[in-house]
Amino acid sequence: MDLNLSEEHRMIRDMAREFAQKEIAPIAAHHDETGEFPYETIRKMGEQGFMGIEVPEEYGGVGMDTMAYVLALEEISKVDASHGVVMSVNNSLYCYGFLRYGTEEQKQTYLRPVASGEVVGAYALTEPQSGSDAGNMRVTAILSPDGSHYVINGTKSWISSGPAAKYIVLFVQTDPDAQPRHKGVSAFVIDTDQPGFSRGKTEPKLGIRASATCEIHFEDYHCPVDHRLGEEGNGFIISMSVLDAGRIGIAAQALGIAEAAYEASVQYACEREAFGQKIGQFQMIQQKIADMKMRIEASRLLIYQAALAKEDFKKTGRRYTLESCMAKTFASETAMWVTTQAIQIHAGMGYSKELPIERYFRDAKVTEIYEGTSEIQRMVIARLETGLR
Ligand code: CAA
């Protein structure tokens, strides 16, 4: 794999690093503590082009590739994973769906403002009874007798950026009796300012606390037919193919978290003394440092491989589900493992809120859960490898 980054890649990585240090680092702990959504810095990220990296300029983005996206996302997440997930959802779960399945009019109306960062986008698949088994959904969209609009009813849950989003890509049942069941699912774009839409409780979360997550409710929400994304009955396939892209983003987020915890640990191991020497001179600490480094670099290779596979998809149409699932699983488990070791190395100070180590640990956990748990990722990988179900 050619890891020589282009001038353009280095430029966006450095821009993201500088932005994160200057704008996000000073506020990250406060927003983690209060759980306030960081509207101001998210708006600034939009101005920098970080909210629609792969979206062509004609639709409000900056027209770069997946490698540029993961490099920037890694830098933002290294400073704050909450900003990272808002960026990831906006770029891959929202914008990518329009790039792949939107009509020209939909791209102009619903992609442009989100890709440019003017407003925030979200993605609604999960329901109270269906997380891992995403196809088991109950929210319905029933076509009106005159065929002009759908009437949507029901509740979606765990919607990342839900409290802040202007537009949401929504997956619902248009034919609950369809066989196979996934053919009954369709995708729509929802305007959260329209009647019939409301927000429910905001989730009190362990980590990524500054990224708001909530339930959303539909009560006779009228959705015009031209707000449907793709064909009726193709919604489940859209949701899954969009998650292929999204999981690369979560992998990059996890990599950023792991790197932050690792760098802090190396510094601490070189400064902290015990029994008359630096703790980094003890073999047990050295082993942790070595294993942290190896897992981080292995994650990076899987993520870059997935980014290249997604670029290849644009030319060949070959699915990159396998590469995406492998990168997400390995990087998220690395983030959890590395942040656990980082607390151990820092000991009492790692457990204290005076340092961000405990935040990295809390933030890492969700990367093993959202956009498909590690168990679901392994199921998908094994299905693809064996052909068995
Ligand atoms: N690309 C294109 N098509 C795909 C696909 C993909 N990646 N994955 C599946 N499909 C197609 C299949 O080929 C099949 O179509 P055909 O019948 O035409 O062949 C159809 O979709 C149904 O697929 P399955 O039979 O595999 O579906 P399933 O019900 O057995 O389960 C699953 C699929 C992988 C378990 C899926 O339900 C899944 O990924 N679950 C996890 C859900 C998830 O990740 N949720 C995340 C919520 S969003 C979020 O978390 C965002 C956030 O907060 C940050």
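What counts, and where the lines are drawn
Residues numbered from 1 in each chain as written. Predicted model: local features only at pLDDT ≥ 70, side-chain atom pairs only at ≥ 80, totals over all residues. Heavy atoms only, no water. Axes fitted to C-alpha atoms, helices over the stretch in contact; angles between N-to-C directions. Helix = DSSP H or I, 4+ residues; strand = E, 2+ residues; numbered from the N terminus. Parallel < 35°, antiparallel > 145°, perpendicular 65-115°, else oblique. Left-handed = near helix turned anticlockwise from the far one by under 90°. Contact = heavy atoms within 4.5 Å. Expected span 1.5 Å × (residues − 1). Bend = angle between axes of the 7 residues up to and from the residue. Buried < 20%, exposed > 50% of the residue type's maximum accessible area, 1.4 Å probe, protein only. Domains from an automatic or database assignment. Buried area = accessible area lost by both parts, 1.4 Å probe. Salt bridge = Lys/Arg side-chain N within 4 Å of Asp/Glu carboxyl O. Polar contact = N/O pair within 3.5 Å; in protein donor to acceptor, adjacent residues only side chain to side chain.

Participant: Break down the packing of helix H1 (residues 7–34) against helix H2 (residues 39–48) for me, citing the residues and quoting the values.
Facilitator: Between two packed helices, what matters for the description is the angle formed by their axes and the separation of those axes. Packing of H1 against H2 brings their axes to within 11 Å, and their N-to-C directions diverge by 170°. Judged on the interaxial angle alone, H2 and H1 are roughly antiparallel. Both H1 and H2 take part in a crossing whose hand is right-handed. On H2, the residues touching Met15, Phe19, Glu23, Ile24 and Ile27 of H1 are Thr41, Lys44, Met45 and Gln48.

Participant: Before we move on, could you go through helix H4 (residues 81–101) and cite the residues and values that matter?
Facilitator: Between its first and last C-alpha atoms H4 spans 28 Å; for 21 residues at 1.5 Å apiece the expected length is 30 Å, and the two agree. Remark: the principal bend of H4, roughly 35°, maps to cysteine 95. Within H4, 19 of the 21 residues are buried, which leaves it mostly tucked inside the rest of the structure.

Participant: How would you sum up the domain arrangement of the protein chain? Please name residues and give values.
Facilitator: By domain assignment, the protein chain separates into domain 1 (7–119), domain 2 (122–233) and domain 3 (236–386). Placing the centre of domain 1 and that of domain 2 at their C-alpha centroids yields a distance of 23 Å. Summed over both sides, the interface of domain 1 with domain 2 buries roughly 1900 Å², with 67% coming from carbon and sulfur. Summed over the three residues of domain 1 that lose the most area to domain 2, namely Tyr94, Gln106 and Tyr110, the buried surface amounts to 26% of that side. At the surface where domain 1 touches domain 2, the tally comes to 0 salt bridges. Across the contact surface, domain 1 and domain 2 share 6 residue pairs in polar contact (both at pLDDT 80 or more). Mapped onto the side of domain 1 that touches domain 2, the elements with two or more residues apiece are H1, H4 and helix H5 (104–115). For the side of domain 1 that touches domain 2, the element with the highest residue contribution is H4, accounting for 10 residues.

Participant: Could you give an account of the pattern of salt bridges, with specific residues and numbers?
Facilitator: Inspection of the entire model under this criterion finds 29 salt bridges. Between glutamate 127 and lysine 156 there is a salt bridge, with its nearest N and O atoms 2.9 Å apart. With a gap of 29 residues between them, glutamate 127 in the loop between strand E1 (120–124) and strand E2 (140–143) and lysine 156 in strand E3 (residues 149–160) connect regions that are remote in the sequence. Each of the salt bridges in this network shares a partner with another, and the network as a whole consists of Glu74, Glu259, Lys293, Glu297 and Arg300.

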